[in-house]
Amino acid sequence: MSKKYYIANWKMNPDTLREARALALSVARGVKGVKGAEVVICPSFVFLGEIGAAPFIKIGAQDCFWEKKGAYTGEVSPIQLRALGCSYVILGHSERRQYLGETAEQVKAKIRMALVAGLRPVVCVGEEKKGSHVQLGTRLKQLIKGLDRKDAQRLLVVYEPVWAISTTKGGREAEASDLAGPVREIRRVLRALFGSRPVPVLYGGSVEPDNVADFMGIQGIDGVLVGGASLKASEFSALVRKGQGR
Ligand code: 13P
């Protein structure tokens, strides 16, 4: 059985380093011994070098800049992240598009520099309105076209419909049946660009302990990106266990 990915996106939480450390420690205890799962915690930049991950938990960032170094006030380079011990970086999250106006060109450049730095980019794509995923393949292609097959081996793609994110106003939970079309489209693009190289495809949007098994059971899904439910150690640990059928 291939490895399954459980990526915790803490977003702009919690408030203090003490809480962040306690949360990471409890997650490490809660998922210890679960086989076949790659568990990744993505805290805010300020906590990145501070939370001691257990050997079986990887650390990721929620963003990075597209240059290696230089006069870019307020930015964090992928080289700095790698030096801190990060293995992954989430790129192109819809919240960055929505609140910061991040463009596809910027995300594309970030993906390339993250790869140069030795990070695994976790690339998010998803439509704003339910049922409008026809542009999904085009959007994804715009971000990853031109990468070589070796790069593709380090890539992860997340299908993250904005309407299904727990904090989206008026949004609602996706059902497993909503994912079939979009996941097929993502797989089609990946196959066209990289042949049979296995790129993991994850799902993100209101994933919880109660529904994770449904999402993990969908053909072509290799993991989940979790927001709200990753902020409680007991919930996230239960989610990882249930996703792995435990
Ligand atoms: P929720 O799990 O809170 O819906 O968040 C999804 C998400 O945006 C993960 O990056």
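Residues numbered from 1 in each chain as written. Predicted model: local features only at pLDDT ≥ 70, side-chain atom pairs only at ≥ 80, totals over all residues. Heavy atoms only, no water.

> Go over the overall build of the protein chain, please, and point to the residues and values.
Looking only at helices and strands, the protein chain has 9 helices and 8 strands in total. What you see for the protein chain is a C-alpha radius of gyration of 17 Å, in line with the 18 Å of a compact globule of 246 residues. Projected onto its principal axes, the C-alpha coordinates of the protein chain cover approximately 45 × 45 × 35 Å. Expressed as a percentage of its 246 residues, the buried residues of the protein chain come to 51%. The contacts of the protein chain with a sequence gap of at least 6 include a subset with a gap of at least 24, amounting to 73%. When the accessible surface of the protein chain is totalled, it reaches about 11,800 Å², and 51% of it is carbon and sulfur. In the protein chain, the 37 positive side-chain charges and the 24 negative ones have mean positions that sit 6 Å from each other. (Helix = DSSP H or I, 4+ residues; strand = E, 2+ residues; numbered from the N terminus. Rg over C-alpha atoms; globule rule 2.2 N^0.38 Å. Buried < 20%, exposed > 50% of the residue type's maximum accessible area, 1.4 Å probe, protein only. Contact = heavy atoms within 4.5 Å. Areas by Shrake-Rupley, 256 points an atom, 1.4 Å probe, with all protein chains shown as cover. Lys, Arg positive; Asp, Glu negative; His and termini not counted. Charge placed at Lys NZ, Arg CZ, Asp CG, Glu CD.)

> Tell me what's going on with the packing of helix α4 (residues 104-117) against helix α5 (residues 136-144), and back it up with residues and numbers.
The N-to-C vectors of α4 and α5 enclose an angle of 50°; their axes lie 8 Å apart at closest approach. Taken together, α4 and α5 sit at an angle that is classed as oblique. Together, Ala104, Val107, Lys108, Ile111 and Arg112 of α4 and Gln142, Leu143 and Ile144 of α5 make up the contact between the two elements. For the contact of α4 with α5, the class distribution of residues is 5 nonpolar, 1 polar and 2 charged. (Axes fitted to C-alpha atoms, helices over the stretch in contact; angles between N-to-C directions. Parallel < 35°, antiparallel > 145°, perpendicular 65-115°, else oblique. Nonpolar A, V, L, I, M, F, W, Y, C, P; charged D, E, K, R; others polar.)

> Before we move on, could you go through the pairing of strand β4 (residues 88-91) and cite the residues and values that matter?
Burial of the side chains of β4 extends over both faces: Tyr88 and Ile90 are buried on one face and Val89 and Leu91 on the other. Regarding the hand of the β-α-β motif, the stretch spanning strand β3 (residues 57-61), helix α2 (residues 78-83) and β4 is right-handed. Inspection of the sheet shows β4 paired to strand β5 (residues 120-125) by 4 bridges, in the parallel sense. Paired with Val89 across the bridge in β5 is Pro121. (Right-handed = clockwise from strand over helix to strand, strands pointing away. Pairing = 2+ DSSP bridges.)

> Requested: an account of the site of the ligand, with residues and values cited.
Asn9, Lys11, His93, Glu160, Ile165, Ser166, Gly205, Ser206, Leu225, Val226, Gly227 and Gly228 make up every residue found near the ligand. The contact in question runs from an oxygen atom of the ligand to an N or O atom on the side chain of His93, over 2.8 Å. With respect to the ligand, the backbone of Gly228 contributes an N or O atom lying 2.8 Å from an oxygen atom. Of the residues that constitute the shell around the ligand, the class distribution is 3 nonpolar, 7 polar and 2 charged. (Near = heavy atom within 4 Å. Polar contact = N/O pair within 3.5 Å; in protein donor to acceptor, adjacent residues only side chain to side chain.)

> Residues and numbers for the sheet that holds β5, please.
What the 8 strands build is a closed barrel, ordered β1-β2-β3-β4-β5-β6-β7-β8; its pairing is parallel. For this sheet, the mean angle separating the axes of adjacent strands, direction not counted, is 25°. Across 6 bridges, the pairing between strand β1 (residues 4-9) and strand β2 (residues 37-42) is parallel. If you follow Ala8 over to β2, its bridge partner there is Ile41. On top of the sheet, helix α7 (residues 176-194) reaches β5, β6 (156-159) and β7 (201-204); it is set at about 155° to β6, its chief contact.

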